[in-house]
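Coordinates in review
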Amino acid sequence: MRDWEVFVYLFLIVVMLHAALLNLPYFWDEAGYYVPAARDVLTAGTLIPYSTMSGDHPPLSAIYLAAWWDLFGYAPLVSRIAMLMLSAWGLTAVFRICRRLVNPAVAVAVTACTMLYPVWFAQSSLTHADLLAAGLSLWAIAFYLEERPRKAALFFAMAALAKETAVIGGVTLAGWELVQFASALAAQRLHAPDVLARFKNPLLTARSHAQRAAILLGISCMPLLFWYFFHFLRTGHVFANSEFMRYNVAGTLSFERFFLAFLQRLWHVTVHMNLLVLTLAAVGSWFFKVRRQRTETATEITRSRSGLTGGYRAGIAPRALVVVWLLIAAYVVTFSTIGGALLTRYLLPIFPLVILLEISSLWRRVPGWGAMAAVVGVFFASGLLLNPPYSFAFEDNLEYAQFVALHQEAANYVQANYPRKHIITAWTASDEISIPSLGYVSIPAVIMPVENFSREEILRLGERARFGDAVLLFSTQYRAGGWYMPRFQWWERSNRKFFDYHQDLPAEEVARMLGGKIRWQRRRGALGVAVIDLGHPDSDVHTLRTPVNK
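Heads up: these notes are all about the structure in this document.

Across its full length, the protein holds 23 helices and five strands. In the protein, which comprises 550 residues, the share counted as buried stands at 54%. Intrachain contacts of the protein at a sequence separation of at least 6 include 75% that bridge at least 24 residues. Summed over its atoms, the accessible surface of the protein is roughly 24,800 Å², and 64% of this surface lies on carbon and sulfur atoms.

Given below as structure tokens:
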């Protein structure tokens, strides 16, 4: 089956699976950065956003969205379809990589599991730059494994123009080429038979690896460097504002933080969102012997892409296996070192590689591996709706849709009862009720911002609260609890210190502290939202209008 046919099938499937999400208004970082940045490209043709916070993110993702809006109109439906096309395109690259490294059956299993994995599924319709960067990076990896370094470098370069951290892939593989270059030179110099056996012509091999390293480094990094030069000419600084740099780079460079972040990143690639099921299955497969291939004729062995040796199922070729592990390690280490928030979507390009390694192990060793892969897919699908017993980002599964639905109701209520009033709230609700283009309100409110709804922040409001008309309070973080989730004080202290951990106060406590009265409240599972009236605490609640659902 050709790649375009795979893409068409995958696109139709992902659209059907996301049908209920296509008209949701924008969520979290979509509303806070990516959508306003793309609207600036659409309306003003500027590559550096002016209607949202200053940032140094490259513009390719914003250009992509703006092009779709220019062709089909500005609407969440258009944005979601555009992102689903990227998801199907990235999954096509996953299929291509797996088919080359193992076989078509494993490719189908890995692609299906990646599609259903909650983090990939949730990101597939969100307008974050991570999905475009992941798709381009996966195609770059596919071309690299096919010995096409120029195409690989070009796609890594485009990935870096979607999100700057995608340069990790090109730099990592260039480093690997330099290692092989040094190994070939050492073989030539030492004349060691066991080392020389790896090279037909060490000098020719060294020259080839040096050229690949130069191509990967040069082509994949230069466009990003040009972008930063352009950014400097237009803004006077290379990177983003000082607070952005402090939060994402300067404030993260300590061994204690790196160690804690590294532990969480290992959790993300082995346990998070039911990935533990596949990890345990893969580890269990090591207790089985490698299985024999049913067909062992010379022709079929020669034509097989799985690298059969002696009639046994061979895994991924050693050189390709090194590449896969290097990329996984590079992403885990890099995003343990930088990035203020430990968002799981930063690892989006390597989740398919992790799934490939583990399903490949099942295929080699376990009878009925296909049934086990199907069970893993069921667990992944259940993770979309059933939250794990630990804290996680809303955007890691369909909890984000619950979040958006609650905020739609709250915004509708605020618009009906407090039009153009002063509302005390935190981001992202502050954008939702003050920027009509995000799809929540048509009449903007005046915002009095707070960081969150922790006790410290509410106390910090002090006398300013009397200038507000109402508080729009909501769950800013998902916090699991109960008998099944023990509390470790040292872990909570570390998360508070390094990762913005805080505890939101319940609406009743906030109302008591500010002298207000709860006028409207909704809950969905662990998520809650409430409106607290500050201006007329003793007025009749029934005089407030019930909003009409949009």
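Back to the write-up after that little detour.
Two elements in contact, helix α4 (residues 76-101) and helix α5 (residues 104-116), have axes whose closest approach is 8 Å; the angle formed by their N-to-C orientations is 150°. Comparing the axis directions of α4 and α5 gives the class roughly antiparallel. The handedness of the crossing between α4 and α5 comes out as right-handed. Contacts between α4 and α5 involve Leu91, Val94, Phe95, Cys98 and Arg99 from the first element and Pro104, Ala107, Val108, Val110, Thr111, Thr114 and Met115 from the second.

The residue aspartate 504 is located in the loop between α22 (489-498) and α23 (507-514) in this model. Engagement of the side chain of aspartate 504 in a polar contact is seen with the side chain of threonine 476, the distance being 2.8 Å. Beyond its immediate sequence surroundings of up to four residues, aspartate 504 is in contact with Asn452, Phe453, Ser454, Phe474, Ser475, Thr476 and Gln477.

Looking at where serine 124 falls in the secondary structure, it is placed in the loop between α6 (118-123) and α7 (129-145). Using a relative accessible area of 1% as the deciding quantity, one classes serine 124 as buried. Distance in space between the C-alpha atoms of serine 124 and methionine 85 is 8.6 Å, their sequence separation being 39 residues. Residues in contact with serine 124, not counting those within four places in the same chain, are His18, Met83, Leu84, Ser87 and Leu131.

On to the nonpolar core. The tendency in soluble globular proteins is for nonpolar side chains to be buried side by side. Counting residues in each nonpolar core, the largest one holds 153 residues, and the members touching the most others are Leu101, Ile355, Leu356, Ile359, Tyr400 and Leu472. Not counting the four nearest positions on each side in its chain, isoleucine 359 is found in contact with Val106, Ala109, Val110, Cys113, Leu278 and Trp369. If you look at the next biggest cluster of nonpolar residues, it comprises seven residues, including Val167, Cys221, Trp227 and Tyr228.

In this structure the tally under the stated criterion is 19 salt bridges. Ionic pairing is found between glutamate 146 and arginine 148, a salt bridge with its closest N-O pair at 3.1 Å. Using a relative accessible area of 17% as the deciding quantity, one classes glutamate 146 as buried. Accessibility expressed as a relative area gives 31% for arginine 148, which makes it partly exposed. The salt bridge partner of glutamate 147 is arginine 212, with a shortest N-O separation of 2.4 Å. A residue pair is termed long-range when its members are at least 10 positions apart, and glutamate 147 in the loop between α7 and α8 (149-162) and arginine 212 in helix α11 (residues 202-235) qualify at 65 residues. Among the charged side chains, a network of salt bridges with common partners joins Asp3, Arg96, Arg99, Glu146 and Arg148.

Turning our attention to unusual backbone geometry. Glycine aside, residues mostly have negative phi angles, and peptide bonds mostly take the trans form. Threonine 428 follows tryptophan 427 through a cis peptide bond whose omega is 20°. With respect to the helices, strands and loops of the structure, threonine 428 is situated in the loop between β1 (422-426) and α20 (429-432). Of note in the backbone geometry, glutamate 147 takes a positive phi value of approximately 65° without being a glycine. Not every positive phi belongs to a glycine, and methionine 273 is a case in point at roughly 50°. Looking at where methionine 273 falls in the secondary structure, it is placed in the loop between α13 (255-270) and α14 (275-285). Taking the relative accessible area as the measure of exposure, methionine 273 reaches 2% and is therefore buried.

The strand order β2-β1-β3-β5-β4 describes an open sheet built from five strands, whose pairing is mixed. Strands with a single pairing partner mark the edges of an open sheet, and in this sheet they are β2 (446-450) and β4 (517-524). Neighbour to neighbour, the strand axes of the sheet diverge by 20° on average, direction disregarded. Looking at chain direction, β1 and β2 are connected through five bridges and run parallel. Among the inter-strand pairings, isoleucine 424 is bridged to a residue of β2, identified as methionine 448.

We now examine the packing of aromatic side chains. The tally for this structure, following the rule as stated, stands at 29 aromatic pairs. Relative to tryptophan 68, the ring of tyrosine 64 has its centre 6.3 Å away and its plane inclined at 55°; by these criteria the two rings are tilted. Here the residue tyrosine 64 and the residue tryptophan 68 both occupy positions in helix α3 (residues 60-72), the gap between them amounting to four residues, near one helical turn. Across the pair, tryptophan 68 and tyrosine 64 agree in class, each one buried. Taking 4.8 Å as the distance between ring centres and 80° as the angle between the ring planes, the aromatic pair formed by tryptophan 69 and tyrosine 74 counts as edge-to-face. When its relative accessible area of 3% is taken as the criterion, tryptophan 69 is described as buried. Ring pairs connect the aromatic residues Phe27, Trp28, Phe394, Tyr400, Phe403, Trp427, Phe453 and Phe474, which therefore count as one cluster.

Right, let's talk about helix α2 (residues 29-44) for a bit. For α2, spanning 16 residues, the distance from its first C-alpha to its last is 21 Å, which sits close to the expected 22 Å at 1.5 Å a residue. The largest bend in α2 is about 30°, located at valine 35, with the proline proline 36 one to four residues further on. Inspection of α2 places Asp29, Glu30, Ala31, Gly32, Tyr33, Tyr34, Val35, Pro36, Ala37, Ala38, Asp40 and Val41 among the buried residues, and these make up the whole buried set. Check the buried side of α2 and you find it contacts α3, α4, α7 and α20. One or two residues past the end of α2 sits glycine 45, with phi positive at roughly 70°.

Rules behind the numbers
- Residues numbered from 1 in each chain as written.
- Predicted model: local features only at pLDDT ≥ 70, side-chain atom pairs only at ≥ 80, totals over all residues.
- Heavy atoms only, no water.
- Helix = DSSP H or I, 4+ residues; strand = E, 2+ residues; numbered from the N terminus.
- Buried < 20%, exposed > 50% of the residue type's maximum accessible area, 1.4 Å probe, protein only.
- Contact = heavy atoms within 4.5 Å.
- Areas by Shrake-Rupley, 256 points an atom, 1.4 Å probe, with all protein chains shown as cover.
- Axes fitted to C-alpha atoms, helices over the stretch in contact; angles between N-to-C directions.
- Parallel < 35°, antiparallel > 145°, perpendicular 65-115°, else oblique.
- Left-handed = near helix turned anticlockwise from the far one by under 90°.
- Polar contact = N/O pair within 3.5 Å; in protein donor to acceptor, adjacent residues only side chain to side chain.
- Core = buried A, V, L, I, M, F, W, Y, C linked by side-chain atoms within 4.5 Å.
- Salt bridge = Lys/Arg side-chain N within 4 Å of Asp/Glu carboxyl O.
- Pairing = 2+ DSSP bridges.
- Phe/Tyr/Trp six-rings, centres within 6.5 Å; stacked < 30°, edge-to-face > 60°.
- Expected span 1.5 Å × (residues − 1).
- Bend = angle between axes of the 7 residues up to and from the residue.

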